[in-house]
2 protein chains.
Amino acid sequence: MDFHHRGYQSADPRVQPAAGYGVNRSLEVPDEVDVFIAGAGPAGVLLAAQLSWFPDLNVRIIERRPQRLQIGQADGIQARSVETFEAFGFADEIIGEAYQITETAFWKPNPGNPAEIVRATRTPDDVADLSEYPHLVVNQARVLDYFIEAGRRAPGRVEPDYGIEFLGLDIDRTETYPVLVHLRHTSGAEQGKEFTVRAKYVVGGDGARSSVRKALGHQLRGDAAMHAWGVLDVVATTDFPDIRLKSIIQSHDGGNILLIPREGGYLFRVYVDLGETPDGDDGKIRLTPVDEIIAQANSILSPYSIDVKAVAWSSVYEVAHRLTDGFDDVPEKERDSKTPRVFIMGDACHTHSAKAGQGMNTSMQDGFNLGWKLGHVLTGRAGEELLRTYGDERLVTSQNLIDFDKAWSTLMATPADELTDPAAVESFYVQGAEFSNGFKTEYTPSLVTSDTTHQALATGYPVGRRFRSAKTIRRSDSNVVHLGHLQTADGRWRIHAFADADHTLLGAFGAWLGESPESPVVKYTRPGGDDDEFFDVKVIYPDVYRDLDPATVPKVFTPWKAPYGLVDTNKVFGQGEVDKQKVDIFAERGIGPDGAVVIVRPDQYVAAVFPLTGTKELAAFFDGVLRTAAR
Amino acid sequence: MDFHHRGYQSADPRVQPAAGYGVNRSLEVPDEVDVFIAGAGPAGVLLAAQLSWFPDLNVRIIERRPQRLQIGQADGIQARSVETFEAFGFADEIIGEAYQITETAFWKPNPGNPAEIVRATRTPDDVADLSEYPHLVVNQARVLDYFIEAGRRAPGRVEPDYGIEFLGLDIDRTETYPVLVHLRHTSGAEQGKEFTVRAKYVVGGDGARSSVRKALGHQLRGDAAMHAWGVLDVVATTDFPDIRLKSIIQSHDGGNILLIPREGGYLFRVYVDLGETPDGDDGKIRLTPVDEIIAQANSILSPYSIDVKAVAWSSVYEVAHRLTDGFDDVPEKERDSKTPRVFIMGDACHTHSAKAGQGMNTSMQDGFNLGWKLGHVLTGRAGEELLRTYGDERLVTSQNLIDFDKAWSTLMATPADELTDPAAVESFYVQGAEFSNGFKTEYTPSLVTSDTTHQALATGYPVGRRFRSAKTIRRSDSNVVHLGHLQTADGRWRIHAFADADHTLLGAFGAWLGESPESPVVKYTRPGGDDDEFFDVKVIYPDVYRDLDPATVPKVFTPWKAPYGLVDTNKVFGQGEVDKQKVDIFAERGIGPDGAVVIVRPDQYVAAVFPLTGTKELAAFFDGVLRTAAR
């Protein structure tokens, strides 16, 4: 963390000084706002926390519930989400309270006695070493708590206004605030009272039955039939030995359970598959009593059993694999002439089966994708066309995910004795790890993602995929640090210069980046603030960290900080060994003796890889997306 | 963390449910209290946080300051203190904001040009791998913040009452509340108003000029002469390349600087040695202007310099190595007939040079030593004689530390050209690592520390020293966990049973511990609560964790929890490999095929090592210190 550079502050450094609309944040929702978010679910609170880093924007987020969520349906946290939590400053805290998945147990009918289950195998969770972060389980309510706290700690101090529901909207593009939002108080002294707010942009994160989606005339399309699940969050005594392991349990008659241990050491979740809802069921399956679900679970678990002592939460719910026909308000045929004003994200756009644990995780990435783009456009950093890339990028991702999810659910629902390959479930699970952990997203070339012409220079940073962290050694203080953990979700771009062997190319690149009128750092950094107010520029040398001479480092890597003119010496990195840890990020990420430039978007995706000599291409890339604008 | 076993709670699990005096904690200091703590410094806030785990005790802590500390003198955090933070639940959080020391640079006069300094060497900080935790630097104000938060999160909700100063006390042992404390409001509406509180026990953590110590008639004894230091906390620009490394800098004329980088990336502290205060100086040295200290620092740093942009804090202070002649109110000659009612801790007992960074760290261990003992005695768990061990244990520790500190300070103050061994400073520093990191404390046999008869059974757990954590694998969920990180500072004793190779001895020991009327767990656990309300009993098997059959584990290791009768399955551990981590705690901590029992005190010190067959000795040990008492 970077602090005290504006003088000593005796305070929790995780709390940023308030600025802009965060200084005296109005208690009432104002009549006009820059961004209006409907729904304080996972996507909504992330978006709010992200926009809280743009304190000059007036951002509000409403939620129909009268207060914070007490308990929610989602609980699986992919490693990609934990990386995202890191960017919002709370990865370590939430890891501390979550259940950590290290292995999955697979149980099947005992071939000798198919009425009983036996453990077939255990599979490590992250075989492929996809992330330095673990796969977690923790209730959605706590995820929301942490994002809301992150929003409160960021300069804009954005946090939810509870007890307000979204009714509808009208768009008039001739207005400065083109979207008129109709709202109603659902609780409190003004319960029932309707009012309106004008917004520059509106975002709906209001769930599968999204009113914002309906207002846009979009529909969820996909499976006709719904699939039903009985879900229990319980504490129980049991003789089932894997009660604290994620377990996939298939009985001989096609019944199956997904068992998810939960945070705290006692609570666990059981998903009992109730199959496809028959035509004309009309919600009757949702009336299945808890006792019946418990009985069904016990039948599948035989010869083991659970003796439920308390039910924290239970639900029978139906879900289908469905995808919206649009992520924003601009119809396909008008995409060239109009840019979007209203967006939807999360369950409003895509619904999944429960078992793949994708819903909350994907929703958060929707919010992360959209947040910085809104921030850029509204602060004049980029043109409105940037906002088209949100739907373009997330649509493909959502479709891929649904395809994966369907294959997985179908396989899970197949009775064990009908599978041609008896290990089909385990194989699919292991092969799908990259998908199920959230790392299969790969954005294709666009305004904000370059092509892969220079990919060979940095094979470990695939363009369009999330920046995979690796350790390096900071020259200033000899600390081993994860490069990816220095990417606070503050809306800035990151430029990583990996030096060539003798620093010749690096020297020329550093001089150009710091001084050339063509350099994005020179063109797009607003005067009067820190040198790194918009571009976080770092250099990583292949040299042993102790051998680096700070006097030879180009000035662009040691930025000047307002108001005291201090110099940030913490952006220069090397290799070697400290504290018995051997570090060589060049080998780990496939960077050769000529070095490379790796550009990372504010949502942690690799935007581009360029050679150190590729200044023209680099300048052209940023000129394609950024705008110069007065402060 | 252990939660949801009393049913689902939608809340931050770090916040314990309030109990006892924590439920409706009175805003006013009551007339009668169980423990009265004067001074909310490092020792005081730790003690308050510890006693907040005894919510049936009425505990108050006062502080003369009208509000939280803004900036404090101390900043060095030994790894032992970070282990302690872990027990209070905030190690990871404070690590996240602190500066982490990995190396120390030694600078000396350039032999070719003695007026200029050159870097002689760099030394890794934790060569001996003394702890899994790092050595930190963070302002004392933040350490206090975290302990105060820990006290607020614990069941008793103990937190400081600011703006009250201690005036004096009277002891009348015939009273139920034998200590009458005289107090005065120093701020607020009642400023100047005096009042009294009656307490069962009083603890003074009120600094080097302690009024509680004076009230007891004790004095600090030791060096006659004071040593003066100029200290600056500044932000600056500089060409000194090691400005972000802990640096020990000696110039040719005996001038020396200790440079401590501080949290946040910019702030650093410079200690300039001003030498022994001449006789009759009478505080004049404390008037040395800041500019003069900066000039002196620049002279020592030549050919480098610092250009100070802002001074966060500066001070010239004088300190001597001194030690109190008593840690409590009972004179040596009355120790057999009386037990103490008033204690002092921290700087009230011992003062150190600034450079060894011992003051705050040692003070916290004073508080940690005393807290659980007061808790035990006041809840009827132990007799009052337990309280004698506080002074006995901490006196020896303090004396050893002062001896170390004096040797170090003397060496540091010796001009480089007068040293017979030119590497004397580095050598002493490295050899003294165990001392300077806080791990040299070794309590000798007493009521609460056994002898070393059976030390050979567990050579990695030296009796009387702090329990050194190591990794093990939890059977229930296949998580790699640090055994030492399961020792929340909740006032409980820990019994670790390391199983023998074929589990025969373990089986007999487990049965005895769970069922024998001689077993401390049977005798001293109060009925009506959790089985592990007072003894946290764990078993560690030498077997591969996957091979462990939970059905064969003795019941004492799977305790029953109120109110649902749930069973805690998370106290059974094995070895093996998970997530590419190989774990073998038996090899790492020197435990052989016959296993061992390792008893750990509530302050994380190893109280005893016994064989699995040593039930009589184990029973006798606990009978020596504990009392049965009605709930």
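First, a word on scope: everything that follows refers to the structure included in this document. All figures in this text were calculated on a predicted structure; none of them were measured in a lab. (Residues numbered from 1 in each chain as written. Chains lettered and ligands numbered in written order. Predicted model: local features only at pLDDT ≥ 70, side-chain atom pairs only at ≥ 80, totals over all residues. Heavy atoms only, no water.)

## Digging into the sheet that holds strand β7 (residues 135-137) of chain B
All names here are of chain B.
(1) Moving on: Taken in spatial order, the 3 strands line up as β3-β7-β4 in an open sheet, and their pairing is antiparallel. Unpaired on one side and paired on the other, β3 (76-77) and β4 (99-101) mark the two borders of the sheet.
(2) Moving on: Sheet topology note: the β3/β7 ladder contains 2 bridges and is antiparallel. When the bridges of β7 are listed, I77 appears paired with L136. (Pairing = 2+ DSSP bridges. Helix = DSSP H or I, 4+ residues; strand = E, 2+ residues; numbered from the N terminus.)

## Some thoughts on the sheet that holds strand β20 (residues 350-351) of chain B
Whenever strands of a sheet pair, they do so through backbone hydrogen bonds, lying parallel or antiparallel.
Residues and elements named next belong to chain B.
(1) Moving on: As summarised here, the arrangement of the 3 strands in space is β12-β18-β20, forming an open sheet in which the pairing is antiparallel. Lying at the two open borders of the sheet, with one neighbouring strand each, are β12 (220-222) and β20.
(2) Moving on: Bridge count for β12 against strand β18 (residues 322-324) is 3 bridges, and the pairing is antiparallel. Across the sheet, G222 pairs through a bridge with R322, a residue of β18.
(3) Moving on: Contacting β18 and β20, helix α8 (residues 388-412) crosses the sheet at an angle of about 170 degrees to β18. (Contact = heavy atoms within 4.5 Å. Axes fitted to C-alpha atoms, helices over the stretch in contact; angles between N-to-C directions.)

## A few points about a negative patch on the surface
(1) Moving on: A cluster of like negative charges, contributed by D129, D584 and E588 of chain A together with D579 of chain B, occupies part of the molecular surface.
(2) Moving on: Looking at where D584 of chain A falls in the secondary structure, it is placed in the loop between β28 (581-583) and α13 (585-588).
(3) Moving on: Look at D584 of chain A and you get partly exposed, because its relative accessible area is 38%. (Patch = residues over 30% accessible without salt bridge, like charges linked within 9 Å, V, L, I, M, F, W, Y side chains within 5 Å. Areas by Shrake-Rupley, 256 points an atom, 1.4 Å probe, with all protein chains shown as cover. Salt bridge = Lys/Arg side-chain N within 4 Å of Asp/Glu carboxyl O. Lys, Arg positive; Asp, Glu negative; His and termini not counted. Charge placed at Lys NZ, Arg CZ, Asp CG, Glu CD. Buried < 20%, exposed > 50% of the residue type's maximum accessible area, 1.4 Å probe, protein only.)

## Focus: unusual backbone geometry
(1) Moving on: The step from S302 of chain A to P303 of chain A runs through a cis peptide bond, and the omega angle for that step is 15 degrees.
(2) Moving on: Relative to the assigned elements, P303 of chain A resides in the loop between α6 (290-301) and β17 (306-319).
(3) Moving on: Each neighbour pair has its own omega, and for A562 of chain A with P563 of chain A the value is -5 degrees, a cis peptide bond.
(4) Moving on: Turning to its location among the elements, P563 of chain A is positioned in the loop between β25 (560-561) and β26 (566-567).
(5) Moving on: Positive phi values are uncommon outside glycine, yet D579 of chain B reaches one of about 55 degrees.
(6) Moving on: Checked against the element boundaries, D579 of chain B lands in the loop between β27 (572-578) and β28 (581-583).

## Side note on the pattern of salt bridges
Residues and elements named next belong to chain B.
(1) Moving on: Within the structure shown, the criterion is met by 119 salt bridges over all chains.
(2) Moving on: As a salt-bridge pair, D532 and K561 come within 3.2 Å of each other at their nearest N and O atoms. Here D532, found in the loop between α12 (520-524) and β24 (535-544), pairs with K561, found in strand β25 (residues 560-561); they are 29 residues apart in sequence, far enough to count as distant.
(3) Moving on: By relative accessible area, which is 4% here, D532 ends up buried.
(4) Moving on: Residue K561 is classed as buried on the basis of its relative accessible area of 3%.

## Here's the deal with the packing of aromatic side chains
(1) Moving on: For the structure shown, the criterion picks out 49 aromatic pairs over all chains.
(2) Moving on: Ring centres 5.5 Å apart and planes at 70 degrees place the aromatic pair F240 of chain A and Y304 of chain A in the edge-to-face group. Placement of the pair is F240 of chain A in the loop between β13 (227-238) and β14 (246-250) and Y304 of chain A in the loop between α6 and β17, with a sequence separation of 64 residues.
(3) Moving on: On the accessibility criterion, F240 of chain A (3% relative accessible area) is buried.
(4) Moving on: Given a relative accessible area of 22%, Y304 of chain A falls into the partly exposed group.
(5) Moving on: Consider the rings of W372 of chain B and W493 of chain B, whose centres lie 5.5 Å apart with planes at 85 degrees: the pair is edge-to-face. (Phe/Tyr/Trp six-rings, centres within 6.5 Å; stacked < 30°, edge-to-face > 60°.)

## Thoughts on the relation of the copies chain A and chain B
(1) Moving on: Screw-axis analysis of chain A against chain B gives a translation of 0.0 Å along the axis, an RMSD of 0.0 Å, and a rotation angle of 180 degrees. The symmetry that links the two subunits is that of a two-fold axis.
(2) Moving on: A high fraction, 100%, of the interface residues of chain A reappear at the interface in chain B, so the copies pair face to face through one surface. (Least-squares fit on C-alpha atoms with pLDDT ≥ 70 in both.)

## Here we look at the side chain of Q604 of chain B
(1) Moving on: Checked against the element boundaries, Q604 of chain B lands in the loop between β29 (596-600) and β30 (606-610).
(2) Moving on: Looking at Q604 of chain B, the relative accessible area reads 5%, which means it is buried.

## Some points on helix α14 (residues 615-625) of chain B
Residue and element names in this part refer to chain B.
(1) Moving on: Considered for burial, the residues of α14 that qualify are T615, L618, A619, F621, F622 and V625. Projected down its long axis, α14 shows its buried positions confined to an angular sector of 160 degrees, all on one face.
(2) Moving on: On its buried face, α14 is in contact with β23 (493-498), α11 (504-515), α12, β24, β29 and β30. (Arc of directions from axis to C-beta.)

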